[in-house]
Amino acid sequence: MKYNLTHLKELESEAIFIIREVAAQFENPALLFSGGKDSILCYHLAKKAFWPGKIPFPLVHVDTGHNFPETIAFRDSLVAKDGVELIVGSVQKSIDEGKVVEETGFNASRNGLQTVTLLDTIETNKFDACMGGARRDEEKARAKERFFSHRDEFGQWDPKNQRPELWNIFNGMKNMGENFRVFPISNWTEMDVWQYILYENIDLPSIYFSHERDIFVRDGVIYSDGEFMNKRPEEKVEKRVVRFRTIGDMSCTGAVESPADDLEKIIEEVAATRTTERGTRADDKRSEAAMEDRKKQGYF
């Protein structure tokens, strides 16, 4: 299959320019890394931005303790192969220290608890900018973000008070204690990401490709079974061929039934689907403004 990829080079150039701007404007930046495709893409772009040197900032992973095993294995393999610095913030540690309270019940999730752990990790390491792979096409709250998204001294975001970004001029000025979240691939779509991954032959965790897995269904969402999943008595485990379009905490991330076991099949599937990428994320469905409320509190 052949694609017209001219626009991907433009998106690549824009993202690399933003990553270099972060390195130039901030004293202690970091790249938030979940092991998902978007953070892997940002890491790939960062390597291009500073090649043949190493990237001049660490990777930061907020570990919920309820991650997909494939994601953690991929993260550790990448760090070992490339010799990059990895800083891990632990949600379990935040729970043990009494900073957050673990949810209970069948729909309990640690996804929302990440905010406190992320803010503590930023404060402990004195990061003044954290880059990540959020995109405007993913979710309506993320569509409101600027490339350089200011956070106050409490790590909070004000969607009604954002700085203009005209002619690719980015304002990283801040007061003591404030910081920025930066989104180099804001203008990319899910299709752009997959086409670029194919074009650049970027390695991904196997969880993105169709495979047989133990699953159960709740409220129309296909969940992966695991030791952290609290199932109702009527929820039966079965085997299905599935893949994941987005990767988060196991307790709130749904799969899709799919035969797409390679990149070209995934691209064909994404082109035909009418379901949004985060349509299987239970954390986005807790309220109409679930994502925006979390972002105001400091969530990525």
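Sequence order as written defines the numbering, with residues in each chain counted from 1. With pLDDT at 70 or above as the cut-off, local features in this predicted model cover only qualifying residues; side-chain atom pairs require 80 or more to be listed or tallied, and sums for whole chains, interfaces and linings still use all residues. Working from all heavy atoms in the structure, the side-chain values ignore hydrogens and water.

1. Quick look at the confidence of the model for the protein
So, point 1. pLDDT: the predictor's confidence for each residue, scored from 0 to 100. Summing up the model confidence of the protein, the mean pLDDT is 86 and the portion of residues at 70 or higher is 90%.
So, point 2. The contact criterion used is simple: two residues touch if any of their non-hydrogen atoms lie within 4.5 Å. Taken together, the stretch residues 284-289 has pLDDT below 50 and engages in 13 contacts with residues farther than four places along the chain or on a different chain.

2. Side note on the packing of aromatic side chains
So, point 1. Here is the rule: rings of Phe, Tyr and Trp (six-membered ring for Trp) pair when centre to centre is within 6.5 Å. Planes less than 30 degrees apart are stacked, more than 60 are edge-to-face, and the remainder are tilted. Applying the stated criterion to the full structure yields 12 aromatic pairs.
So, point 2. Ring centres 6.3 Å apart and planes at 75 degrees place the aromatic pair Phe33 and Tyr43 in the edge-to-face group. One end of the pair, Phe33, is in the loop between strand E1 (29-32) and helix H2 (37-50); the other, Tyr43, is in helix H2, with 10 residues separating them in the sequence.
So, point 3. Between Phe50 and Phe57, the ring centres sit 5.9 Å apart and the planes meet at 80 degrees, which makes this aromatic pair edge-to-face. Across this residue pair, the class does not change: Phe50 and Phe57 are buried.
So, point 4. One aromatic cluster in this structure is built from Phe17, Phe26, Phe147, Phe148, Phe170 and Phe180. Each helix is a run of DSSP H or I of at least 4 residues and each strand a run of E of at least 2, with the numbering of both proceeding from the N terminus. Relative accessibility under 20% of the residue-type maximum defines a buried residue, over 50% an exposed one, and the middle range a partly exposed one, all with a 1.4 Å probe and only protein chains included.

3. Concerning the layout of surface pockets
So, point 1. In this structure, the largest pocket encloses a volume near 440 Å³.
So, point 2. Phe127, Asp128, Lys174, Gly177 and Glu178 are the residues nearest the centre of the largest pocket, which is lined by 21 residues in total.
So, point 3. When residues in the lining of the largest pocket are grouped by element, the largest group, 4 residues, is from helix H5 (residues 114-125).
So, point 4. Along the lines of polarity and charge, the residues of the lining of the largest pocket split into 7 nonpolar, 6 polar and 8 charged. Cavity means a closed set of points on a 1 Å grid over the protein atoms alone, one where a 1.4 Å probe fits but cannot get out, pocket means an open set with protein on both sides within 12 Å along at least 5 of 7 lines, and lining means a residue has an atom within 4 Å of a point. Grid points are joined across faces, edges and corners, and a volume is the space filled by probe spheres set on the points. Classification used: nonpolar for Ala, Val, Leu, Ile, Met, Phe, Trp, Tyr, Cys and Pro, charged for Asp, Glu, Lys and Arg, polar for all others including Gly.

4. Let's talk about the pairing of strand E7 (residues 211-218)
So, point 1. Here E7 runs beside strand E9 (residues 238-243); their pairing, made up of 5 bridges, is antiparallel. For Ile215, the partnering residue across the bridge sits in E9 and is Glu238.
So, point 2. Adjacent in sequence and paired antiparallel, E7 and strand E8 (residues 221-224) are bridged by 2 residues, among which Asp219 carries a positive phi angle near 50 degrees. Only strands that DSSP links by at least two bridges are regarded as paired with each other.

5. A word on the environment of Trp157
So, point 1. One can find Trp157 in the loop between strand E5 (148-151) and strand E6 (179-182).
So, point 2. Trp157 sits in the buried class, given a relative accessible area of 4%.
So, point 3. For the pair Trp157 and Trp194, spaced 37 residues apart in the sequence, the C-alpha separation amounts to 29 Å.

6. A closer look at helix H3 (residues 69-82)
So, point 1. Between the first and last C-alpha of H3 there are 20 Å, a value that for 14 residues agrees with the 20 Å anticipated at 1.5 Å per step.
So, point 2. Buried within H3 we find Thr71, Phe74, Arg75, Leu78, Val79 and Asp82. The buried residues of H3 occupy an angular sector of 130 degrees when the element is viewed end-on, so they sit on one face. Turned more than 90 degrees off the buried face of H3, the exposed positions are Pro69, Ala80 and Lys81.
So, point 3. In this structure, the buried residues of H3 make contact with H2, strand E2 (59-63) and strand E3 (86-90).
So, point 4. Once H3 finishes, Gly83 follows within two positions and takes phi at roughly 65 degrees, a positive value. Helix span, expected: 1.5 Å multiplied by one less than the number of residues in the helix. In this context, the arc is that of the directions from the helix axis out to the C-beta atoms.

7. Describing the domain arrangement of the protein
So, point 1. Domain segmentation is taken from an automatic or database assignment of domains. What the domain assignment reports for the protein is domain 1 (7-192 + 289-296) and domain 2 (204-282).
So, point 2. The distance between the C-alpha centroids of domain 1 and domain 2 comes to 24 Å.
So, point 3. Contacts between domain 1 and domain 2 engage 28 residues on the former and 27 residues on the latter.
So, point 4. Both sides of the domain 1 and domain 2 interface together cover about 2,400 Å² of buried area, and 56% of this is carbon and sulfur.
So, point 5. Criterion for a salt bridge: a side-chain nitrogen of Lys or Arg within 4 Å of a carboxyl oxygen of Asp or Glu. Applying the counting rule to domain 1 against domain 2 returns 2 salt bridges.
So, point 6. For Arg245, the salt bridge is made with Glu190, and the minimal N-O distance between the two is 2.7 Å.
So, point 7. In the analysis that follows, any N or O atom pair within 3.5 Å is treated as a polar contact, provided that within protein one partner can donate a hydrogen and the other can accept it, and provided that, for residues neighboring in sequence, both atoms belong to side chains. Remark: the boundary between domain 1 and domain 2 carries 10 residue pairs in polar contact (both at pLDDT 80 or more).
So, point 8. Listing elements by their share of the side of domain 1 that touches domain 2, those giving two or more residues are H2, H3 and helix H6 (190-200).
So, point 9. For the side of domain 1 that touches domain 2, the element with the most residues is H3, which contributes 4 residues.
So, point 10. Of the residues belonging to the side of domain 1 that touches domain 2, the class tally is 8 nonpolar, 11 polar and 9 charged. Here the quantity called buried area is the accessible surface, traced with a 1.4 Å probe, that two parts lose on coming together, added over both.

8. Considering the pattern of salt bridges
So, point 1. Per the stated rule, a full pass over the model turns up 22 salt bridges.
So, point 2. Between Glu12 and Lys48 there is a salt bridge, with its nearest N and O atoms 2.7 Å apart. Of the two residues, Glu12 is situated in helix H1 (residues 6-25) and Lys48 in helix H2; the sequence distance between them amounts to 36 residues.
So, point 3. Linking Lys126 and Glu123 is a salt bridge whose minimum nitrogen-to-oxygen distance equals 2.7 Å.

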